[in-house]
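An overview of the molecular structure
These are the residues of each chain, in order.
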Amino acid sequence: MPLTPIFDLCDRYVRRACELDPVMATFRGVTGDFAPGTDYSPDGHAARAQLIRDTLAELATLTPTGDADRLAADHLRERLEAELALHDLGEPLRSVRAPFGLLQTLRNSVDLMPRGDEQQWRAVVARVAAVPQMLSSWRVSLATGADRGIVAARRQAVEAAAQAQRYADSATFDKVVTAYGNGPLRDELVAAAAAAHAAYAETADWLRREYAPRAAEADGVGPERYAAASRLSLGDTIDPVEAYHWGWEELRRIEREMDAEADRVRRGATVDEAVAYLDETDVVTGVDAYRDWLRERHEEAISRLHGVHFDIPAQLRTVDVVTVEDSSAGAAYYTPPSEDLSRPGRTWWPTQGRERFAVWAELTTVFHEGVPGHHLQIGQLRVLGESLSRFSRLSGVSGHSEGWALYAERLCDELGWFETPGQRLGMLTASALRAARVVVDIGVHLDLPLPDDEAARHGPRWTFETACEVLRQRGRLGEHRVRPEVVRYFGWPAQAISYKLGERAWLAARAEAQARLGADFDLKRWHTTALSLGPVGLATLADALRRAG
């Protein structure tokens, strides 16, 4: 059917944005005749910013013709204004972060490209061959930013250098060569991989020698940059001090529940003792066994939810479970299906050299990353098709999606799916981690003092070591994850708060609907409405749900 002017603008923006950023197009699952790589130079960033300005200007001249149009226009405007605010602050010229930064993005973009035939493999070869130029253009932007006094934190430069060196030393793209085999493109792919590894090594050296000495000593970004980052992350303007103190209160509430659950694991046990017991008794051994366990839990969740609490489309009733040995991430993550659903939704599980896996704490992550979490919500955007604008189908708000994933964990607890005390303790430890993220992230970036009672335990001010201690002791994070998690928060301001603050918004929206509808409230219908809206900023979530249902 013909597109409305607003839907047409959304479609044109997506096409042009993908042309200007082919790597982003890969992550969004958009196929097309795009260049092999993205221009990360100042000119490339300027072109993307100008596209945003032009699109916003045209959007201002258009009038919505119905509810779908209004939702599409509101989402496009909100997202583009939030992105433009970061451009105007010069953030693309100091975009250095680890482990979830450009270095990993380029590497992962290759893994996400289709490989079904020789033509698709040729595109993979071209992407790998484009890595040196993409890294070079990124260094130009960073150098330009440094010349203007716009710099990232030194810690991020040093950590990114180490990450780049790991990719080079491990010859990370050799896995792509192995996957290809001995076809006619092998020599070309081998040469491209070697050049990419050399480019990562060159970038590591440049970050250490050239950029790090010019980088900022402070880890925190300050109020102005944090306000822009949190708006992008949440789709809302928040009072960060209120959120900081709420985060501490929420962490203490969860810890009280954890104490009670630990006693159910072993009578009289502390949380530490219960965790130590579970780490020894609720395990699987071997990567293959771990992958099988994960697949079984994904399939079980889909089977139990479908037709009862959700209507899960057939295209989303399978999740591809992938274990990853050389991931720089400390935690599992999700990548959505391609736009045409030919690439499935995937959950990625770092193994990091381990052979024993304590699975008592993993069930909540299955619900978070898979179903009813990210896979169900984000995958539904692909399935909804033209009832949503193309921009809504392919973009998101972290607070909306991560908040939904935490809501999914909470829902499974309400449904009684954490059937053993250990599994429920795993859910609570994950929730404690998300609350700890709130206080670490806001506290570090705004340099807020720790509350008096917490200062007695952790010290009066935030440092890297304090953040590690809070995550280790209060977030109950495994030692292998502590450092990469803290590095992530320090380099990616306001993303870590999107989980708990997003969950708070989703629970408030559901409570509002229950109070308003009373006996007429139907949970399955509410879920259907929620998943059919598409992405919405937290500022307007409750209103959007009210209008829709």
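Residues numbered from 1 in each chain as written. Predicted model: local features only at pLDDT ≥ 70, side-chain atom pairs only at ≥ 80, totals over all residues. Heavy atoms only, no water.

**Quick look at helix α13 (residues 287-305)**
An α-helix turns once per 3.6 residues; consequently, residues spaced three or four apart project the same way. Inclusion rule: By definition, any uninterrupted DSSP run of H or I lasting at least four residues is a helix, any uninterrupted run of E lasting at least two residues is a strand, and each is numbered from the N terminus. By this rule the span expected of a helix is its residue count minus one, scaled by 1.5 Å. Relative accessible area decides the class of each residue, using a 1.4 Å probe on protein chains only: under 20% of the type maximum gives buried, over 50% gives exposed, and in between gives partly exposed. Throughout, the arc means the angular range of directions from the helix axis out to the C-beta atoms. Contacts were defined at the residue level, with two residues in contact if any of their heavy atoms lie within 4.5 Å.
Over its 19 residues, α13 runs 27 Å from end to end, which matches the ideal 27 Å to within 8%, given 1.5 Å per residue. Within α13 the residues assigned to the buried category are Tyr 290, Arg 291, Trp 293, Leu 294, Arg 297, His 298, Ala 301, Ile 302 and Leu 305. When α13 is viewed along its axis, its buried side chains cluster within an angular range of 165 degrees and face the same direction. Away from the buried face of α13 by more than 90 degrees, exposed residues Asp 288, Glu 299 and Ser 303 are located. Elements in contact with the buried residues of α13: β1 (283-285), β2 (320-324), β4 (346-350), β5 (356-358) and α14 (363-369). Looking at the residues trailing α13, positive phi occurs at Gly 307, about 80 degrees.

**Let's talk about the layout of surface pockets**
Stated precisely, the cut-off is as follows: Grid spacing is 1 Å over the protein atoms alone, the probe is 1.4 Å, and a cavity is where that probe fits but cannot get out, while a pocket is an open set with protein on both sides within 12 Å along at least five of seven lines and lining residues have an atom within 4 Å of a point. Grid points are joined across faces, edges and corners, and a volume is the space filled by probe spheres set on the points. Polarity classes work like this: nonpolar for Ala, Val, Leu, Ile, Met, Phe, Trp, Tyr, Cys and Pro, charged for Asp, Glu, Lys and Arg, and polar for all others, with Gly in that last group.
If you add up the space inside the second largest pocket, you get close to 600 Å³. Sorting the residues of the lining of the second largest pocket by element identifies α2 (22-28) and α6 (118-147) as the ones contributing at least two each. With 6 residues, the top contributor of residues to the lining of the second largest pocket is α6. Class assignment of the residues belonging to the lining of the second largest pocket gives a composition of 12 nonpolar, 8 polar and 6 charged.

**Observations regarding the side chain of Arg 297**
For Arg 297, the position within the fold is in helix α13. What Arg 297 contacts, discounting residues up to four positions off in sequence, is Leu 363 and Val 366.

**Considerations on unusual backbone geometry**
Omega for the peptide link from Ala 98 to Pro 99 comes to -5 degrees, which places this bond in the cis form. You can see Pro 99 is positioned in the loop between α4 (67-88) and α5 (102-111). A cis amide bond links Val 371 to the next residue, Pro 372, at an omega of 10 degrees. Topologically, Pro 372 is positioned in the loop between α14 and α15 (374-384). For Ala 171, which is not glycine, the phi dihedral falls at a positive 50 degrees. For Ala 171, the location among the structural elements is in the loop between α7 (154-169) and α8 (174-180). In this structure Ala 171 comes out as buried when scored by relative accessible area, which is 18%.

**Here we look at the sheet that holds strand β3 (residues 333-335)**
Rules: In short, DSSP must find at least two bridges between two strands for them to pair. Lines fitted to the C-alpha atoms define the axes, with helices restricted to the stretch that makes contact. Angles between their N-to-C directions range from 0 to 180 degrees.
The 3 strands lie next to each other as β2-β4-β3, forming an open sheet whose pairing is mixed. Every other strand in the sheet has two partners, leaving β2 and β3 as the edge strands with one partner each. Between one strand and the next, the sheet's axes are offset by a mean angle of 25 degrees, whatever the strand orientation.

**Here's the deal with the packing of α7 against helix α9 (residues 186-211)**
Note the following rule: Should an angle fall under 35 degrees it is called roughly parallel, over 145 degrees roughly antiparallel, and 65 to 115 degrees roughly perpendicular, with every other angle called oblique. Whether a crossing is left-handed or right-handed is set by the direction in which the near helix is turned from the far one by less than a right angle, anticlockwise for left-handed and clockwise for right-handed.
Put simply, α7 and α9 touch, their axes get as near as 8 Å, and they point 160 degrees apart. One element, α7, and the other, α9, form an angle in the roughly antiparallel class. When the axes of α7 and α9 are compared, the crossing they make is left-handed. Where α7 abuts α9, its residues Ala 157, Ala 160, Ala 161, Ala 164, Gln 165, Tyr 167 and Ala 168 lie against His 197, Tyr 200, Ala 201, Ala 204, Leu 207, Arg 208 and Tyr 211. Among the residues making up the contact of α7 with α9, the classes are represented as 11 nonpolar, 2 polar and 1 charged.

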